[in-house]
Each structure stands twice: as C-alpha cells, then as structure tokens.
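# Fold and contact review
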Amino acid sequence: EQAQTVRLVLRELPTQTEATDRLLVDQLPSATRAGTVSFALRLSLPVFVPPPQPAAARLVWSLVQRYTVSALSATNTGGRHTRLMGAELGRTGAANITVATQAAPYVLAGVRREWALDAAHTLRVGELVTVVANVEGTPLETRVTVTAAP
C-alpha cells in the first residue's frame, strides 16, 4: 500500500454562499496476471467550502401533484448546504408515507431538490400534510398544503 497526498487549491473564495464541487478519485488496476480479476474504482466525494461569514441552510418545503405523481421538494434559500437524512409525510386518517431521500440527500445553497413519491401514494390538491424531516440529525416538522403543478 502507498500513501498519496492530494492538495486542492481554490481559485476564487466563496462570497455570500458556500462553494460546492466534487472530487473524483480513480484507482486504476495494475497489470493483471492470468486467473485474476481486476477492476477500476471511482469515488465521487462532495467538497464544501464555507463562505467567509457563517451561513446557515434554510429549507422551504412544498408538495406538488403532477398528473398521477406526487413529489416533495425542498428549496434551500440559505447560504450553506444541508443533508436530508429521511422524511415522512403525515396525513389525517391515512398511514404515513416514507420519502426515499437517500439517493440524493444534499440540498445545496440556492438549489431546489425534489423527491417523487411512490406511485401508490397520490396526494390530493389542497390536502394539508405534515412533513417530518430528519435534517442533519435534527427532526423538523412543518405543515404543507399540496398544490397542483403549473
């Protein structure tokens, strides 16, 4: 095993909101011998550079009904990213709906992220739903009215 050092340099410092990027690390296989299996490995790592002044994430939630598909979305109006570790939708007289957020957990500053609900869970326009989200390990609860997609 060899240790390798990687240094990253910023060309520009962030101003009001954090800068975000990805660092791609490839591990290429060495020459193979007969009877062995080798493969390439790629890691994609998020990189966050905070702005000079402390900034916080601020999520604004919405639920949209688009034809037969409902979706939960979060818009981050704050100055830094946040990570959604899970979400559930509570409805009066119905079972809670678990929203699959694991594939896309980061909501970057100034970005809107959307998660489609399973087709079995259609919401009604005008319905009042309780969103319970695990944001960075902290449970947050808010009430949202389902709207029709434009």
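Note that the structure is a prediction, hence the values are computed from the model and not measured.

## Topic: a nonpolar patch on the surface
- Judged by side-chain polarity, V25, F39, L41, L43 and L45 come together as a nonpolar surface patch covering roughly 440 Å² of accessible area.
- The biggest single contributor to the nonpolar patch is strand 2 (residues 41–49), with three residues.
- With respect to the helices, strands and loops of the structure, L41 is situated in strand 2.

## Comments concerning the side chain of E18
- Looking at where E18 falls in the secondary structure, it is placed in the segment before strand 1 (19–27).
- Buried and unpaired, E18 has R80 as its nearest opposite-charge partner, separated by 4.8 Å.
- Polar contacts involving the side chain of E18 include one to the main-chain amide nitrogen of H81, which spans 2.4 Å.
- If near-sequence neighbours (up to four positions away) are discounted, E18 is found in contact with F48, V49, P50, P51, G79, R80 and H81.

Rules used throughout
- Residues numbered from 1 in each chain as written.
- Predicted model: local features only at pLDDT ≥ 70, side-chain atom pairs only at ≥ 80, totals over all residues.
- Heavy atoms only, no water.
- Patch = residues over 30% accessible without salt bridge, like charges linked within 9 Å, V, L, I, M, F, W, Y side chains within 5 Å.
- Areas by Shrake-Rupley, 256 points an atom, 1.4 Å probe, with all protein chains shown as cover.
- Salt bridge = Lys/Arg side-chain N within 4 Å of Asp/Glu carboxyl O.
- Helix = DSSP H or I, 4+ residues; strand = E, 2+ residues; numbered from the N terminus.
- Buried < 20%, exposed > 50% of the residue type's maximum accessible area, 1.4 Å probe, protein only.
- Lys, Arg positive; Asp, Glu negative; His and termini not counted.
- Polar contact = N/O pair within 3.5 Å; in protein donor to acceptor, adjacent residues only side chain to side chain.
- Contact = heavy atoms within 4.5 Å.

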